[in-house]
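Architecture at a glance
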Amino acid sequence: MLYVCYCRGLRVISKFRRERMEAIAEEINAYDVVALQEVWSKEDYERMQDITTGLPYSHIFYSGVIGSGLCIFSKFPIVGSYFHQFMSSGGIFDLHKGDVFAGKGIGMCRVKLEEGYHLSIYTAHTYSRYRESQLFECMQFIHFTRGQDFVVMCGDLNTYPRQKALKLFTKCLDLQDSFYHGECNWDSCLQCKNCHTCDNRGNTFVKKTANPKRIDYLFYSPVAACGYLVVDKEYDHVMKDRIPNREYNYSDHVGLFVKLIIKKDSPTATAKICPTAGDMSFVDNDDKRQVLSEILEIIQKKKNELKSKNPLLSIQTMRRWFIIHLLKAILCLAVLTLVPSPFTILTNVLWAVLVCYWLRNFAGYVVEIGQLSGVESNCRDICNYLHEYKYIGEYKDAHRVSLRSSPVNYPHLNGEHTVL
């Protein structure tokens, strides 16, 4: 039994933080594996460890200044863990957003289950401004660390069901969204009453004007190369109501409960249909190539938008800023010559504020563009490989036909044929 919850545990800002953390810890004690987001305080984490006696194994992912906010509790032994901090995490001067200080990323714990096989559980909390680039990093991280284990990816992804970024999991990693079943699919999701995981009406931490939405997910691999497969599952929302004997909810998000029914199968049979770490054939079809191309296009678009805002990275904007600063300089010079000396202090202060604001925008944009450039480069490498991989496959098929019939000269190969 798996459980996912967004705890809303930021110090000072979050109301009733201590009481809610204790109530959440009491609720999760009955589950097998639990992934939590926004557990920022080490004190809260240690208190939850004391309460969750039924989950003796746990791990918190430290990162940045205040931590990543991610932690995992387990009934079964955690044999290993790893954390990857997102390259695209916002500008260094976006103090009011705090994502740079949080050091957000994706964490992984490898859990050894009773049957002897392993579960690789991943958890993340993404930033909506960089959802495509951060989810692409999640996809890469899972792909290169999954091994032959069962895979579960969960967390607050700040992404709506129909957005393209989620296809990185369903198309490129062959994971399934645990929410969907025979009666509820992509088309009926928006009308489903049990769909929304955040900003539900009646929640004490939600504004009355907020619109309910679904941004929390749990994806899982239906088969594993280790020889097990999922034959049935249950999905439900828990902790939807207020805490007993309290006037407030557990969080502004509901908890996700997923129960996976697993049975043993032939390892050779499941290995044929289950991708493993480092196997690049996992994207060898047109749908997956299309998904990565769309994500690359979105990242490039955001990068170009940042460039257009930066005065040193856009010629048109630079000219406009130069004219504005020139006029301000002439105006300030006129003021300095006409007004008494006390006003010069105020003028200098205004100039200092203007320069600091300009440097803030410049440095912030440069950092963000550099972050997106790193993700863009990784995505472009895969897209370029897939284009070549597709061409090589088509060439092999054509070449085999040519060997059976009549020789065909390929100009780019100087007319030479190599048996593949």
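The following paragraphs examine the structure supplied in this document. All values reported here derive from a predicted model rather than from experimental measurement. (Residues numbered from 1 in each chain as written. Predicted model: local features only at pLDDT ≥ 70, side-chain atom pairs only at ≥ 80, totals over all residues. Heavy atoms only, no water.)

Its 15 residues place the ends of helix α4 (residues 131–145) 21 Å apart at the C-alpha level, agreeing with the 21 Å of an ideal helix rising 1.5 Å per residue. Counting buried positions along α4 yields 13 of 15 residues, so the element is predominantly enclosed. (Helix = DSSP H or I, 4+ residues; strand = E, 2+ residues; numbered from the N terminus. Expected span 1.5 Å × (residues − 1). Buried < 20%, exposed > 50% of the residue type's maximum accessible area, 1.4 Å probe, protein only.)

Put simply, helix α1 (residues 17–28) and helix α2 (residues 42–51) touch, their axes get as near as 9 Å, and they point 35° apart. Remark: the crossing between α1 and α2 carries right-handed chirality. Where α1 approaches α2, its residues R17, R18, M21, E22, I24, A25, E26 and I28 are matched on the opposing element by E43, D44, R47, M48 and I51. (Axes fitted to C-alpha atoms, helices over the stretch in contact; angles between N-to-C directions. Left-handed = near helix turned anticlockwise from the far one by under 90°. Contact = heavy atoms within 4.5 Å.)

For the rest of this paragraph, the subject is the pattern of salt bridges. Applying the stated criterion across every chain, the model contains 15 salt bridges. Across the pair R110 and D149 runs a salt bridge, and its minimum N-O distance is 2.5 Å. One end of the pair, R110, is in strand β6 (residues 105–112); the other, D149, is in the loop between α4 and β8 (150–156), with 39 residues separating them in the sequence. A salt bridge links R380 to E376; its shortest N-O distance comes to 2.7 Å. Remark: E376 and R380 occur in helix α9 (residues 342–404); sequence separation between them is four residues, near one turn of the helix. Relative accessible area serves as the criterion here: at 33%, R380 is assigned to the partly exposed category. Shared partners join several salt bridges into a network, and the residues in it are R17, R18, E22, E43, D44 and R47. (Salt bridge = Lys/Arg side-chain N within 4 Å of Asp/Glu carboxyl O.)

Per the stated rule, a full pass over the model turns up zero disulfides. The structure places no disulfide on C379, whose sulfur is separated from the nearest cysteine sulfur, that of C383, by 4.3 Å. (Disulfide = S-S within 2.5 Å.)

With that out of the way, let us pick up the nonpolar core. If you look at the biggest cluster of nonpolar residues, it comprises 39 residues, and the most contacted ones within it are I106, F136, M153, L168, F169 and L292. Listed by contribution, the elements that provide at least two residues to this core are β6, β7 (118–125), α4, β8, α5 (167–170), β10 (216–220), α7 (286–309) and α9. Membership of the second largest hydrophobic core comes to 29 residues, among which are L2, Y220, A224 and L256. (Core = buried A, V, L, I, M, F, W, Y, C linked by side-chain atoms within 4.5 Å.)

What follows covers the packing of aromatic side chains. One pass over the full model with this rule turns up 11 aromatic pairs. Seen from their ring centres, F169 and F219 are 5.2 Å apart, and the 45° between their planes marks the pair as tilted. Here F219 lies in strand β10 and F169 lies in helix α5, a separation of 50 residues in the sequence. By the ring-pair criterion, three or more aromatic residues cluster together here, those being Y82, Y122 and F141. A cation over an aromatic ring shows up here: R20 above the ring of F205, its NZ or CZ 5.2 Å from the ring centre. (Phe/Tyr/Trp six-rings, centres within 6.5 Å; stacked < 30°, edge-to-face > 60°. Lys NZ or Arg CZ within 6 Å of the ring centre and 35° of its normal.)

Looking now at the sheet that holds β6. Strand order in the open sheet formed by six strands is β5-β6-β7-β8-β10-β9, with mixed pairing between adjacent strands. A single partner strand is all that each edge strand has here, and the edge strands are β5 (78–85) and β9 (176–177). In terms of strand pairing, β9 meets β10 through two bridges, oriented antiparallel. Residue Q176 lies in a different strand from β10, and its bridge partner there is Y220. This element, α4, spans β5, β6, β7 and β8 of the sheet and lies at about 25° to β6. (Pairing = 2+ DSSP bridges.)

In this structure, F16 takes a positive phi of about 50° despite not being glycine. You can see F16 is positioned in the loop between β1 (2–6) and α1. You will see that D199, though not glycine, has its phi angle at about 60°, which is positive. Here D199 shows up in the loop between β9 and β10.

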